[in-house]
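What follows is each chain in one-letter form.
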Amino acid sequence: RLVSDWSSDVCTSFADEYGGKETYYSMAGEQMPYASESVVGMECVACKEPEDYNEDGDDAEDEDAVVEMCETIYAAAGKCESNLGIENANTAACNYMEGIKIVRKNGVVESMSSTANKTASVFIGLFVVAFVLLAAYVYYLRTKLDRASINLSE
């Protein structure tokens, strides 16, 4: 087993309160790599092929002006092409995209608030009314039994 920054085999708890940095240092004798900065960069990557681009020998032969890496990423990505009016539209991710409903305002990504489900609201209301009526009936029966006295000795 490799030196780990987790304290369990299922990787749910850090080995220490610093994300495993101290444990790694005590076991390896050096600072944990990439503990202070991310391995993944946040810079944009251009997908337009330069005129002289030919990374693996056959990419410049294709008819588009898109880098092969971007073509691969796009092909694997979820799409909702239902309103594009194209043949063989890919609609595999339409339900997912409809479910998250992201709106961009001033560069900030916000989730839209979901509306209440009318059917669920009706059933909740019915259950509340039924519960209140049942509680009132139980109270009525209890007070009726308390008032009634049965004398079995006669």
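Source: prediction; values computed, not measured.

Q: Would you take a moment to explain the environment of methionine 69 for this structure?
A: Relative to the helices and strands, methionine 69 resides in helix 2 (residues 68-76). For methionine 69, a relative accessible area of 44% translates into the label partly exposed. Sequence separation between methionine 69 and cysteine 47 is 22 residues, and the spatial gap between their C-alpha atoms is 8.0 Å.

Q: Which parts of the structure should I look at to understand the confidence of the model for the protein?
A: Should pLDDT be low for a region, the predicted coordinates there are not to be read in detail. Looking at the protein as a whole, its pLDDT mean stands at 76, while 67% of the residues score no less than 70. Mean pLDDT values for the elements of the protein range from 56 in strand 2 (residues 108-111) up to 93 in helix 4 (residues 118-147).

Q: Teacher, can you tell me more about the packing of aromatic side chains here?
A: Aromatic ring pairs are reported here in terms of the distance separating the ring centres and the angle at which the planes meet. Inspection of every chain in the model, using the stated rule, returns one aromatic pair. Sitting over the ring of tyrosine 74, lysine 79 keeps its end group 4.7 Å from the ring centre.

Q: Please explain the environment of lysine 79 as it appears in this structure.
A: Here lysine 79 is to be found in the loop between helix 2 and helix 3 (94-100). Taking the C-alpha atoms as reference, lysine 79 lies 6.1 Å from threonine 91; in sequence the two are twelve residues apart. Apart from the residues lying within four places of it in its own chain, the contact partners of lysine 79 are Tyr74, Asn90, Thr91, Ala92, Ala93, Cys94 and Met97. In terms of polar contacts, lysine 79 uses its side chain to reach the backbone carbonyl oxygen of tyrosine 74, at 2.8 Å. A polar atom in the side chain of lysine 79 sits 2.8 Å from the backbone oxygen of alanine 77.

Q: How should I be thinking about the state of the cysteines in this particular structure?
A: One covalent bond between the sulfur atoms of two cysteine residues makes up a disulfide. Counted by the stated rule, this structure contains two disulfides. Covalently, cysteine 47 is tied to cysteine 70 through a disulfide, its sulfur atoms 1.9 Å apart. Of note, the bridge from cysteine 47 to cysteine 70 carries an S-S torsion of about -80° and is left-handed in sense. In this pair, cysteine 47 sits in the loop between helix 1 (21-28) and helix 2 while cysteine 70 sits in helix 2, placing the two residues 23 residues apart along the sequence. For cysteine 70, a relative accessible area of 10% translates into the label buried. Across the disulfide, cysteine 80 is cross-linked to cysteine 94 (sulfur-sulfur distance 2.1 Å). Disulfide cysteine 80 to cysteine 94: torsion about the S-S bond roughly 100°, handedness right-handed. Taken together, the residues cysteine 80 in the loop between helix 2 and helix 3 and cysteine 94 in helix 3 connect sequence positions 14 residues apart. By relative accessible area, cysteine 80 is classed as partly exposed at 33%.

Definitions and limits used
Residues numbered from 1 in each chain as written. Predicted model: local features only at pLDDT ≥ 70, side-chain atom pairs only at ≥ 80, totals over all residues. Heavy atoms only, no water. Helix = DSSP H or I, 4+ residues; strand = E, 2+ residues; numbered from the N terminus. Buried < 20%, exposed > 50% of the residue type's maximum accessible area, 1.4 Å probe, protein only. pLDDT = per-residue confidence, 0-100. Phe/Tyr/Trp six-rings, centres within 6.5 Å; stacked < 30°, edge-to-face > 60°. Lys NZ or Arg CZ within 6 Å of the ring centre and 35° of its normal. Contact = heavy atoms within 4.5 Å. Polar contact = N/O pair within 3.5 Å; in protein donor to acceptor, adjacent residues only side chain to side chain. Disulfide = S-S within 2.5 Å.

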